[in-house]
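# Descriptive structure summary
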Amino acid sequence: MITVLKNVEVYSPKYLGKKQVVVVGNKFEGIYDEVNIPKDFININEVDGSGKLIFPGFIDNHVHIIGAGGEDGFSTRTGEIQLTELTTAGITTVIGCLGTDGVCRDMRSLVAKARALEEDGISAYCYTGSYEIPVRTLTNSIKEDLITIDKIIGVGEIAVADHRSSQPTFEEFAKTVAEARVGGLISNKGGIVDIHMGTGKERLEKLFLLLKNTEIPSTQLLPTHINRSTELFQEGIEYIKVGGYIDLTTSSDPEFPEPGELKASEGLKKIYDLKLPIEQVTFSSDGQGSMPKYNDKNEFMGLGICSVKSLYDEVKKAIIEEKIPIECALRVITSNVASLFKLKDKGEIKKGYEADFVLVNKDSLEITDVYGKGKLLVSNGNAVVKGVFE
Ligand code: ZN
């Protein structure tokens, strides 16, 4: 199958101008100024891209694909994600995680769900483990999981500075990261340790210590939820300055923000204004995680579910409200994630790369079409490919 997108403005995420984008099978064949399509040739799918922008497919590095929660009893467990929730949000690559509960939810189910999403037409991976250290792995060790299981590309989300964490010592934490490092090297995967940051005062202390006292590079760690409070965000800024990478969570309830919480778009704006390297920043949605709601008196107001839709919504806000250039804002959900996680041929519109892309209206930036591995998944905002039980 050959698809030619005509007269579309390309953000690779770098702005390349108005181009003709050719897709053959599941790859980008090339990006051209002119393409003359021969008559009486094999069937070519021509798509008019005028008035549209093309972005690389979005990568969400932290989604509870088999559900999460359960922190207020079994009835508070959230459900599995459906394919079209991801695709209509422009997400063509997802990294799944467990969360607080590594007993009722396990690695087998997580790997199975990643495989199911892959069968459905997107790219899906997962982390090994849950909040706790020692990590409950699928095989005998973190190293072995990374080396022998295709779908496992990192470790996490490991909880620190949180009342729900297993309260690991620095040594236990460092040993976990060290295993991820070697497992990642041998398997040629990122081996990223995704770290859930809670509201505890310890904040990023273990991460600073690790960078200071070991030879492990900063690219091994990705602390997430950094925008959950002003203090944590401030420390996140210092962490970027010593070479660290941070992840901002896009899900939040606008009616019930956590005290001191920053929107991911606002956080990105601060980093942008400080002229810190944007390459060290990623966004993720925390999709399907449970979201406790507290009113301004800090009274519990019930539970919501984090939505993957927030991933692009926050990037859009960063562009429209915070006036960050598109090619800069887009990186946090495309090329930055692909390069940190070593996702080969992902996150860019580039010859030879996988043809995952999103078309948006130039004026509104609303998603119209989504393609995964060269195949149309969402057309005019409607999912045309659905999961088996949708
Ligand atoms: Zn978390």
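Below or above, wherever it landed, is the structure these notes cover.

Here is what the cut-offs are and how they apply
Residues numbered from 1 in each chain as written. Predicted model: local features only at pLDDT ≥ 70, side-chain atom pairs only at ≥ 80, totals over all residues. Heavy atoms only, no water. Helix = DSSP H or I, 4+ residues; strand = E, 2+ residues; numbered from the N terminus. Buried < 20%, exposed > 50% of the residue type's maximum accessible area, 1.4 Å probe, protein only. Contact = heavy atoms within 4.5 Å. Patch = residues over 30% accessible without salt bridge, like charges linked within 9 Å, V, L, I, M, F, W, Y side chains within 5 Å. Areas by Shrake-Rupley, 256 points an atom, 1.4 Å probe, with all protein chains shown as cover. Salt bridge = Lys/Arg side-chain N within 4 Å of Asp/Glu carboxyl O. Phe/Tyr/Trp six-rings, centres within 6.5 Å; stacked < 30°, edge-to-face > 60°. Donors = N, O, S within 2.8 Å, 3.2 Å for Na, K, Ca; no water. Pairing = 2+ DSSP bridges. Axes fitted to C-alpha atoms, helices over the stretch in contact; angles between N-to-C directions. Arc of directions from axis to C-beta.

Before going further, it helps to spend a moment on the environment of Gly25. If you trace the backbone, Gly25 turns up in the loop between strand S2 (15-24) and strand S3 (27-32). You can call Gly25 partly exposed: its relative accessible area is 37%. In this structure, the C-alpha to C-alpha distance between Gly25 and Lys373, residues 348 residues apart in sequence, is 7.6 Å. In contact with Gly25, not counting residues within four places along its chain, are Met1, Lys373 and Gly374.

With that settled, the discussion passes to a nonpolar patch on the surface. Side chains of Ile147, Val182, Leu185 and Ile186 sit close together on the surface and give an oily, nonpolar patch of about 340 Å² of accessible area. For Val182, the location among the structural elements is in helix H4 (residues 170-187). A relative accessible area of 34% places Val182 in the partly exposed class.

Take the packing of aromatic side chains next. Considering all chains together, one arrives at seven aromatic pairs under this definition. When the centroid spacing of 4.9 Å and the interplanar angle of 20° are considered together, the rings of Phe58 and Tyr312 count as stacked. One end of the pair, Phe58, is in strand S6 (residues 58-63); the other, Tyr312, is in helix H8 (residues 310-320), with 254 residues separating them in the sequence. Between Phe357 and Tyr371 the ring centres are 4.4 Å apart and the planes differ by 15°, which places this aromatic pair in the stacked class. Residue Phe357 is located in strand S16 (residues 357-361), and its partner Tyr371 is located in strand S17 (residues 367-372); the two are separated by 14 residues in the primary sequence. Of the two residues examined, Phe357 and Tyr371, each falls in the buried class.

What follows covers the pattern of salt bridges. For the structure shown, the criterion picks out 25 salt bridges. Asp345 is the partner of Lys27 in a salt bridge, and the nearest nitrogen-oxygen pair spans 3.7 Å. Here Asp345 lies in the loop between helix H10 (335-340) and S16 and Lys27 lies in strand S3, a separation of 318 residues in the sequence. Under the relative-accessibility criterion, Lys27 is labelled partly exposed at 28%. Note that Lys373 and Glu118 form a salt bridge whose closest N and O atoms lie 2.5 Å from each other. Here the residue Lys373 occupies a position in the loop between S17 and strand S18 (375-379), and Glu118 occupies one in helix H2 (residues 107-120), the gap between them amounting to 255 residues.

Our focus in this paragraph is the coordination of the zinc ion. In this structure, Glu157 (OE), His196 (ND1) and His225 (NE2) serve as the protein donors to the zinc ion, at separations of 2.0 to 2.2 Å. Mapping the donors of the zinc ion onto the primary sequence gives the spacing E-x38-H-x28-H. In this pair, His196 sits in strand S10 (residues 192-197) while His225 sits in the loop between strand S11 (221-224) and helix H6 (230-241), placing the two residues 29 residues apart along the sequence. Assessed through its relative accessible area of 5%, His225 is described here as buried.

Here six strands make up an open sheet; going across it, the order is S6-S7-S8-S9-S10-S11 and the pairing parallel. Strand pairing shows two members of the sheet lacking a second neighbour, S6 and S11, which therefore form its edges. Between one strand and the next, the sheet's axes are offset by a mean angle of 25°, whatever the strand orientation. Across three bridges, strand S8 (residues 123-128) lies against strand S9 (residues 152-160) in parallel orientation. Opposite Thr128, over in S9, you have Val155 as the bridge partner.

Turning our attention to helix H7 (residues 264-273). Turning to H7, its buried residues are Ala264, Ser265, Gly267, Leu268 and Ile271. One face of H7 carries all of its buried residues, which in axial projection span an arc of 160°. Looking at the buried side of H7, the elements it contacts are H6, strand S12 (246-249), strand S13 (281-284), H8 and helix H9 (326-329).

The next thing to look at is the environment of Glu171. Assignment of secondary structure puts Glu171 in helix H4. Overall, Glu171 belongs to the exposed group, its relative accessible area being 51%. C-alpha of Glu171 to C-alpha of Leu210: the two residues are 39 residues apart in sequence and 9.4 Å apart in space.

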